[in-house]
Amino acid sequence: MMLVLAAARQELGDLDGEVVGVGPIVAAARAAAILARRQPSRVLLIGTGSAYARGPDVGQVVVARRIGLSYGVAAMGLGYVPRAPTPIDTDPAMTDALGLSPVSVLTVGAVTTDETLGRRLSDGWQVEHLEAFGVALACKEAGVPFAACLGVASRAGPDAHVQWLTHRDEAQQAAREQAQRLLS
């Protein structure tokens, strides 16, 4: 059985699934508990993300090929992470089955609204998402194949929140429609 997860109930819409909450730590903890209880054979995370400068256009739906984690303070040179976590590759069969543009997704602790931070975070990454790494890590630890399908609702930068508010409904719907490919 494939389990669909999302950060918020609104992202699931009519899809049967579970909510992991907002942010990497909350998502990791809740995803681990859900995996232990439900014991799915596969997991698909759906939601919305923000594109970095050289990333996909707002309105596009993408699939994650690898997922990383970054701390803004480290990216800005204001701190360091002694042992940064290794990026996690998503399941290639699930990723291919979605037939979408594969991108590298970076999980951050907050939506990036600073242009300088966005430039630094975007090195090797096209999209940011707050929960992807937490869910990917929970799946990796449980040995469950994982993929993430995201509707791009905004561009990282000063207008990210306003763009997200403007485009989130369409982005969520587009991600749900693509998720149906794996569910059917």
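Higher on the page you've got the structure.
Summarised in this report is the structure supplied together with it. (Residues numbered from 1 in each chain as written. Predicted model: local features only at pLDDT ≥ 70, side-chain atom pairs only at ≥ 80, totals over all residues. Heavy atoms only, no water.)

Comments concerning the pattern of salt bridges
Under the convention used in this document: Throughout this description, the term salt bridge denotes a Lys or Arg side-chain nitrogen within 4 Å of a carboxyl oxygen of Asp or Glu. Secondary structure elements follow DSSP: runs of H or I of four or more residues count as helices, runs of E of two or more count as strands, with numbering from the N terminus. Only protein chains enter the area calculation, which uses a 1.4 Å probe; residues under 20% of their type maximum are buried, those over 50% are exposed, and those in between are partly exposed.
Counted by the stated rule, this structure contains three salt bridges. Close ionic contact of Glu18 with Arg37 constitutes a salt bridge, the shortest N to O distance being 3.0 Å. Separated by 19 residues along the polypeptide, Glu18 in strand β2 (residues 18-19) and Arg37 in helix α2 (residues 24-38) bring together distant segments of the chain. With a shortest N-O distance of 3.9 Å, Asp169 and Arg168 are connected by a salt bridge. Among the residues examined, Asp169 registers a relative accessible area of 48% and is labelled partly exposed. Judged by its relative accessible area of 28%, Arg168 falls in the partly exposed class. Within this structure, Glu18, Arg37 and Arg38 form a network of salt bridges that share partners.

Re the side chain of Glu128
Spelled out, the test is: His residues and chain termini do not enter the charge count, which takes Lys and Arg as positive and Asp and Glu as negative. Pairs of N or O atoms within 3.5 Å make up the polar contacts considered here, provided that, within protein, one atom can donate a hydrogen while the other can accept it, and that residues adjacent in sequence are counted only when both atoms are side-chain atoms. Contact between two residues is taken to exist if any of their heavy atoms lie within 4.5 Å; hydrogens are not considered.
Position of Glu128 among the secondary structure elements: in strand β7 (residues 127-128). No salt bridge is formed by the buried Glu128; the nearest opposite charge belongs to Arg155, separated by 11 Å. There is a polar contact of 2.7 Å between the side chain of Glu128 and the side chain of Tyr52. A polar contact of 2.6 Å, which involves the side chain of Glu128, links it to the side chain of Thr112. Discounting residues that sit within four places of it in the chain, Glu128 has contacts with Gly49, Ser50, Tyr52, Leu106, Val108, Ala110, Val111, Thr112, Leu121 and Ala156.

Some thoughts on the packing of aromatic side chains
For clarity, the cut-off: Two rings from Phe, Tyr or Trp (for Trp, the six-membered ring) form a pair when their centres are within 6.5 Å of each other. A pair whose planes differ by under 30 degrees is stacked, one over 60 is edge-to-face, and the rest are tilted. Remark: a charge is flagged as sitting over a ring if the NZ atom of Lys or the CZ atom of Arg is within 6 Å of the ring centre and within 35 degrees of the ring normal.
Tallied over the full model, the rule gives zero aromatic pairs. Over the face of the ring belonging to Trp125 we find Arg66, whose NZ or CZ atom lies 3.9 Å from the ring centre.

Quick look at the nonpolar core
Put simply, the rule reads: By convention a nonpolar core is built from buried Ala, Val, Leu, Ile, Met, Phe, Trp, Tyr and Cys residues, the set being connected through side-chain atoms within 4.5 Å.
In this structure, Leu5, Val43, Ile67, Val105, Val135 and Phe146 are the most contacted members of the largest nonpolar core, which totals 28 residues. Looking at this core, the elements with two or more residues in it are β1 (2-6), α2, β3 (42-51), β4 (61-69), β6 (101-107), α6 (132-142) and β8 (146-155). At six residues, α6 tops the list of elements feeding residues into this core. If near-sequence neighbours (up to four positions away) are discounted, Val135 is found in contact with Leu5, Val20, Ala27, Ala31, Val43, Leu45 and Phe146.

Structural measurements only, silent on function.
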